[in-house]
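Below are the chains, spelled out letter by letter.
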Amino acid sequence: MNVRYLAGRDPAELLDPAAPFWKDSRPEPLRLVGTPSSLQPTAAVRAAWPDARIGAIGAVTVDAVHDGTQLAFRLEWEDPSEDRAIGDTTVFPDAAAVLLPSVPGAPVITMGAPGVAVNAWYWRADEERAGRQVVAEGLGTTRTVDHELVRTHATWKEGRWQVVIARALRVDSKEPVAQLRAGESTGYAVAVWEGSRGERAGIKSYSGNWRELVLAPVA
Amino acid sequence: MVMDLNKCIGCQTCTMACKRLWTRDEGMEYMWWNTVNTMPGRGTPRDWEQMGGGFADGQPRPGRLPTRRDFGEAWDFNHDEVFFGGQGDKVHLQVKGEAPDWGPNWDEDQGAGEYPNAYYFYLPRICNHCTHPACLEACPRQAIVKREEDGIVLIDEDRCRGYRFCMEACPYKKIYFNHQKKVSQKCIFCFPRIDQGVATACARQCPGRVRFVGYRDDQSAPIWKLVDQWKVALPLHPEFGTEPNVFYVPPIAPPRLDADGNVDESKPRIPDEYLVSLFGPDVLRALEVLKGEMAKTRAGGRSELMDLLIGHKWKDMFGGFDRDPASIEWEKGA
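All figures in this text were calculated on a predicted structure; none of them were measured in a lab. (Residues numbered from 1 in each chain as written. Chains lettered and ligands numbered in written order. Predicted model: local features only at pLDDT ≥ 70, side-chain atom pairs only at ≥ 80, totals over all residues. Heavy atoms only, no water.)

### Examining the overall build of chain A
Defined as follows: The helix and strand labels rest on DSSP assignments: H or I over at least four residues marks a helix, E over at least two residues marks a strand, and numbering proceeds from the N terminus. Values of the radius of gyration come from C-alpha atoms, whereas the globule rule sets the reference at 2.2 Å times the count of residues to the power 0.38. By definition, residues are in contact when any of their heavy atoms lie within 4.5 Å. Per-residue accessibility takes into account occlusion by the displayed protein chains alone, with areas from the Shrake-Rupley method and a 1.4 Å probe.
Along the backbone of chain A there are two helices and 14 strands. Relative to the 2.2 N^0.38 estimate, which gives 17 Å for 219 residues, the radius of gyration of chain A is 16 Å and therefore close to what a compact globule would have. Restricting the contact set of chain A to residue pairs at least 6 apart, pairs at least 24 apart contribute 64%. Per element, the accessible surface of chain A, about 9,200 Å² overall, is 51% carbon and sulfur.

Written out as structure tokens, the structure reads:
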């Protein structure tokens, strides 16, 4: 996917899923599949979640722009139920994330490996606009490293989520997070959790192995 | 911990001791890390015994999540109106908002049997701090730890992301979800007290001297004596496969009465099969031992077991965790 360069955008505009500039682009459609039951980290989760139950959301479209400083992903997918709040102990919110390698060659399927981190920019419907910057070095090792740098804005209407997840290309962090530069390429992957089906943690749909993300140079 | 069900009067002092100490923050309103239910009954959360979880043949058995209504929402009363609104003679104390349809120590208060042979007993429950904790083993984030030194099972709220796999997996349904902090929470066996040599609040506050505290393998302390030596204290639902570390001395009800009102010792008031369904087949032997020792004392003899269960000296029930909490300078928030 090519990430267009847009000069001098207001941060609020970049976060707006309805901003006019998104209309000029051709978002990339991605097929999503459920994560394999056999790779879930605990026997209890594997027993409760056979493959057939995992992966409620089968498709998402992805688009991205940057302004030389900020990179914004726009995800859109069909979801008849808007699951925003955890209203009861049995209720789970919708969520989505973009995964980037912190280190080239980090594996997607195992969410990184020791010493080879991956970096998720994560949105959850009950957490308003504060996204989470998550680092993982293997299944079950995710940790939120900050609550401020990743910003999100989500709209649900007519049975579709439109979610923008943005972060600065480069961030001041001691953690193994992705550091990006205009004019360079990296990989990306997408995951979506369907709250109404109880999807959370490793129970999600994902886009498979890394796909190419080419950041246009600053013109 | 051992709880002697023959001494529990269902007063809920343990419940309130725990509530006041640990679950007063926002998001914890509906939590009762300690509950006392009337048995037979549907319990708290209602019908928890049918919710699955734990292990069958060593493999995890899928469980379901209780809802907040199953636990019982926190009831909010019109205290202000009645006590401070100057209307005490006009309004009566009532629940504010929607009438609750279920609550611990309320709708669950059931029992069984027919007059004059009705029966019931109280069952206090906390987290069982299991040897084989289904919660810990279910968590995909290793957010639950079992302390090496004493086996207390704790949820690390910094690691927890509120996924609730632990709630599904716990067959005793003793994990709560905090809707404010969005993390799971449960009985911590008063570990900050234990670390200072102080028994749990539920044990110290119990007016009935129901609860014994201590290390299972301390042969000079009551837990080993009751569980391993006398074998009169048994885990609840051992078939759940988690090896609880809370044990119960099973209840012996008063004798049955026949149609003429005479004592009928031919069968027990609480059916054996019901107690077997709760504590496993070993409960029958435990009941025999208890009855035998009771008979001994009734005949004027001495019984080491009865002396132990009576708890003549309160502090002897705490396996060395007998320090007075008032003698300690507690750090706030620590």
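### Things to note about the sheet that holds strand β11 (residues 234-235) of chain B
Note the following rule: Note: two strands are recorded as paired if DSSP finds a minimum of 2 bridges between them.
Taken in spatial order, the four strands of this open sheet run β10-β1-β12-β11 (chain B), and their pairing is mixed. Looking at the sheet topology across the chains shown, the edges are occupied by β10 (211-212) and β11 of chain B.

### Here we look at the environment of G55 of chain A
Residues and elements named next belong to chain A. The topology assignment puts G55 in the loop between α2 (43-48) and β4 (59-66). Counting along the chain gives 150 residues from G55 to S205, while the straight-line C-alpha distance between them is 4.3 Å. When near neighbours in sequence (up to four residues on either side) are disregarded, G55 contacts G34, E199, K204 and S205.

### Regarding a nonpolar patch on the surface
Quick reminder of the rule: Residues qualify for a patch when their relative accessible area is over 30% and they have no salt bridge, like charges being joined within 9 Å and the nonpolar side chains of Val, Leu, Ile, Met, Phe, Trp and Tyr within 5 Å. What counts as a salt bridge is simple: a side-chain nitrogen of Lys or Arg found within 4 Å of a carboxyl oxygen of Asp or Glu.
A cluster of nonpolar residues, F83, F84 and L93 of chain B, forms a patch on the protein surface that exposes about 380 Å² of accessible area. Mapped onto the fold, L93 of chain B is located in the loop between α3 (79-84) and β5 (121-125).

### Thoughts on the nonpolar core
For soluble globular proteins, nonpolar side chains are generally found buried alongside one another. What counts here: Residues belong to one nonpolar core when they are buried, are Ala, Val, Leu, Ile, Met, Phe, Trp, Tyr or Cys, and are joined through side-chain atoms within 4.5 Å. Any residue under 20% of the maximum accessible area for its type is buried, any over 50% is exposed, and the rest in between are partly exposed; the area is computed with a 1.4 Å probe on protein chains only.
Judged by nonpolar contacts, the single largest core of 83 residues is most densely connected at M1, V2, V213, L226, F279 and L305 of chain B. Counting residues per element, this core draws most heavily on helix α10 (residues 282-298) of chain B, at five residues. Those residues within four positions of V2 of chain B in sequence are excluded, and the remaining contacts are V210, R211, F212, I223, L226, V227, A233, F247 and V249 of chain B. V3, L32, V98 and A125 of chain A belong to the second-largest nonpolar core, a separate cluster that totals 31 residues.

### Here we look at the interface of chain A and chain B
One frequent convention defines the size of an interface as the accessible area lost when the parts assemble. Quick note on the threshold: Reported buried area values correspond to the accessible surface (1.4 Å probe) lost by two parts on association, with both partners' losses combined. N or O atoms closer than or at 3.5 Å make up a polar contact, with two conditions inside protein: a donor-capable atom paired with an acceptor-capable one, and, for residues adjacent in sequence, both atoms drawn from side chains.
Residue-level contacts link 28 residues of chain A with 24 residues of chain B. For the pair chain A and chain B, the two sides together bury roughly 2,100 Å², of which 54% comes from carbon and sulfur. Along the contact surface separating chain A from chain B lie three salt bridges. In this structure, the salt-bridge partner of E168 of chain B is R200 of chain A, at a minimum N-O distance of 3.2 Å. Between chain A and chain B we count 13 residue pairs in polar contact (both at pLDDT 80 or more) in total. At the level of secondary structure, the elements contributing two or more residues to the side of chain A that touches chain B comprise α2, β7 (118-124) and β9 (143-146) of chain A.

### Some thoughts on the side chain of T15 of chain B
All names here are of chain B. Looking at the secondary structure, you find T15 in helix α1 (residues 13-22). Of note is the side chain of T15, whose polar atom sits 2.5 Å from the side chain of Q12. Polar side-chain contacts of T15 include one of 3.1 Å to the side chain of N34. In this structure T15 touches W32, N34, T35 and V36, once residues within four positions along its chain are discounted.

### So, the pairing of strand β2 (residues 35-39) of chain B
Residue and element names in this part refer to chain B. Judged by how many residues are buried, β2 sits mostly within the fold: five of five residues are covered. The side-chain alternation of β2 yields two buried faces, one formed by T35, N37 and M39 and the other by V36 and T38. Examined bridge by bridge, β2 and β5 share five bridges and lie antiparallel to one another. Paired with M39 across the strands is F121, a residue of β5.

### Quick look at the pattern of salt bridges
Taken as a whole, this structure holds 27 salt bridges over all chains when the rule is applied. Where R42 of chain B meets D47 of chain B, a salt bridge forms, and the shortest distance between an N and an O atom there is 2.8 Å. Residue R42 of chain B is classed as partly exposed on the basis of its relative accessible area, which comes to 36%. Because the salt bridges share partners, they merge into one network encompassing R124, D126, E127 and R132 of chain A together with R161 and K182 of chain B.

### Focus on empty space enclosed by the protein
Counted only if it meets this: Here a cavity means grid points, on a 1 Å grid over the protein atoms only, where a 1.4 Å probe fits yet cannot get out; a pocket means an open set of points with protein on both sides within 12 Å along at least five of seven lines; lining residues are those with an atom within 4 Å of a point. Grid points are joined across faces, edges and corners, and a volume is the space filled by probe spheres set on the points. Any residue that is not Ala, Val, Leu, Ile, Met, Phe, Trp, Tyr, Cys, Pro, Asp, Glu, Lys or Arg is counted as polar, Gly included; the first ten are nonpolar and the last four charged.
Per the stated rule, a full pass over the model turns up five cavities of 30 Å³ or more. Quantified by volume, the largest cavity comes out at close to 610 Å³. Looking at the largest cavity, it is lined by 41 residues, and the ones nearest its centre are M111, W193, A201, G202 and K204 of chain A. Considering every element that reaches the lining of the largest cavity, the biggest residue donor is strand β12 (residues 185-193) of chain A, with four residues. A breakdown of the residues in the lining of the largest cavity according to their chemical character gives 25 nonpolar, eight polar and eight charged. Put simply, the second largest cavity is a space of about 120 Å³. The wall of the second largest cavity is formed by 15 residues, among which C127, N128, C130, C135 and C170 of chain B lie closest to the centre. Residues of the lining of the second largest cavity, tallied by class, amount to 10 nonpolar, three polar and two charged.

### A word on the side chain of R269 of chain B
All names here are of chain B. Our working rule: Only four residue types enter the charge count: Lys and Arg as positive, Asp and Glu as negative, with His and the chain ends excluded.
Position of R269 among the secondary structure elements: in the loop between β14 (263-264) and α9 (272-279). We note that R269 is buried and unpaired, the nearest opposite charge coming from D264 at a distance of 9.6 Å. Among the polar contacts made by the side chain of R269, one reaches the main-chain carbonyl oxygen of A118 at a distance of 2.8 Å. Within the structure, R269 has its side chain in polar contact with the backbone oxygen of P255 (distance 3.0 Å). Setting aside residues up to four positions removed in sequence, R269 forms contacts with P116, N117, A118, Y119, A253, P254, P255, R256 and L257.

### Description of the environment of P27 of chain A
Position of P27 of chain A among the secondary structure elements: in the loop between α1 (11-14) and β2 (28-31). When residues no more than four places from it in sequence are discounted, the contact partners of P27 of chain A are T61, V62 and D63 of chain A.

### Some points on the packing of α9 of chain B against α10 of chain B
Residues and elements named next belong to chain B. Cut-off, in case you're wondering: Simply put, an axis is a line fit to the C-alpha atoms, just over the touching stretch for a helix, and the angle between two N-to-C directions goes from 0 to 180 degrees.
Following both chains from N to C, one finds α9 and α10 inclined at 115 degrees, their axes separated by 8 Å at the closest point. Between α9 and α10, the contacting residues are D272, L275, V276 and F279 on the first element and V283, L284 and L287 on the second. Tallied by class, the residues present in the contact of α9 with α10 amount to six nonpolar, no polar and one charged.

### Some remarks on α9 of chain B
All names here are of chain B. Under the convention used in this document: Starting at the helix axis, one direction is taken to each C-beta atom, and the arc is that of these directions.
Looking at α9, one finds that the buried residues are Y274, L275, L278 and F279. For α9, the angular spread of buried residues about the axis comes to 110 degrees, placing them on one side. Of the surrounding elements, those touching the buried residues of α9 are β2, β5, β11, β12 (247-249) and α10. Following α9 by one or two positions, G280 adopts a phi angle in the positive range, close to 85 degrees.

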